[in-house]
Amino acid sequence: MLDYPTIVFLSHILLIGPIIAVIGYNLKNKKPVQPELYDVLLMMGVSTILYHTYKLVSYRKLIQ
């Protein structure tokens with residue numbers, strides 16, 4: 001079973017990094033970005049906000 005840090009590292013290496021790299025490459029070369037990537041970015045953004053909000057609330061409850 002993979003531990004938590006390994007899952008985070010792998011998700012950034014295999015998913016988040018390549019998506020951001022493709023978008024950056026396309027923008028640098030003034031190529032249009034595929035519309036499907038906008039949906040992926042939106043999902044990544046929303047899930048990131050929800051996840052980190054949950055982690056913040058959990059962390060704050062542990063402190064009090």
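All residue numbers here refer to positions counted from 1 along the written sequence of the relevant chain. The model is predicted, so local features are restricted to residues of pLDDT at least 70 and side-chain atom pairs to those at 80 or more, both for listing and for counting; the totals for chains, interfaces and linings are taken over all residues. Think of the side-chain values as coming from all heavy atoms in the structure, minus any hydrogens and water.

## Description of the overall build of the chain
Counting from the N terminus, the helices are the DSSP runs of H or I reaching at least four residues and the strands are the DSSP runs of E reaching at least two. Assigned secondary structure in the chain consists of 2 helices and 0 strands. In this setup the radius of gyration rests on C-alpha atoms only. A globule is expected at 2.2 Å times the number of residues raised to 0.38. Its C-alpha atoms give the chain a radius of gyration of 16 Å, more than 25% over the compact-globule value 11 Å for 64 residues. In terms of its C-alpha atoms, the chain occupies a principal-axis envelope of roughly 50 × 25 × 15 Å. Relative accessibility decides the category of a residue: with a 1.4 Å probe and only protein chains considered, values under 20% of the type maximum give buried, values over 50% give exposed, and everything between is partly exposed. Here the chain, with 64 residues, has 9% of them falling under the buried criterion. Just so you have it, the chain exposes about 5700 Å², and 74% of that area is on carbon and sulfur atoms. Accessibility throughout is a Shrake-Rupley quantity obtained with a 1.4 Å probe, and a residue counts as covered only by protein chains that appear here.

## Re the nonpolar core
If you look at the biggest cluster of nonpolar residues, it comprises 5 residues: I19, I23, V33, L37 and M44. Put simply, the parts of the chain that give this core at least two residues each are α1 (4–28) and α2 (35–63). Nonpolar cores are built from buried Ala, Val, Leu, Ile, Met, Phe, Trp, Tyr and Cys residues. Side-chain atoms within 4.5 Å join them into one set.

## Comments concerning unusual backbone geometry
One non-glycine residue, K30, lies in the positive phi region at around 55°. What makes K30 exposed here is its relative accessible area of 75%.

## A few points about α1
The terminal C-alpha atoms of α1 lie 34 Å apart, and with 25 residues this matches the ideal 36 Å at 1.5 Å per residue to within 8%. Bend, in this description, refers to the angle at a residue between axes fitted to the seven residues ending there and the seven starting there. A maximum bend of about 40° is found in α1 at H12. It only takes one pair of heavy atoms within 4.5 Å for two residues to be counted as in contact. Contact partners of the buried residues in α1: α2. Directly beyond the C-terminal end of α1, a positive phi value near 55° is found at K30. By this rule the span expected of a helix is its residue count minus one, scaled by 1.5 Å.

## Notes on the side chain of N26
Within the secondary structure, N26 sits in helix α1. Note on N26: relative accessible area 7%, which makes it buried. When residues no more than four places from it in sequence are discounted, the contact partners of N26 are K31, P32, V33 and Q34.

## Quick look at the environment of Y54
Secondary-structure assignment places Y54 in helix α2. Its relative accessible area of 56% is what places Y54 among the exposed residues. Distance in space between the C-alpha atoms of Y54 and D3 is 19 Å, their sequence separation being 51 residues.

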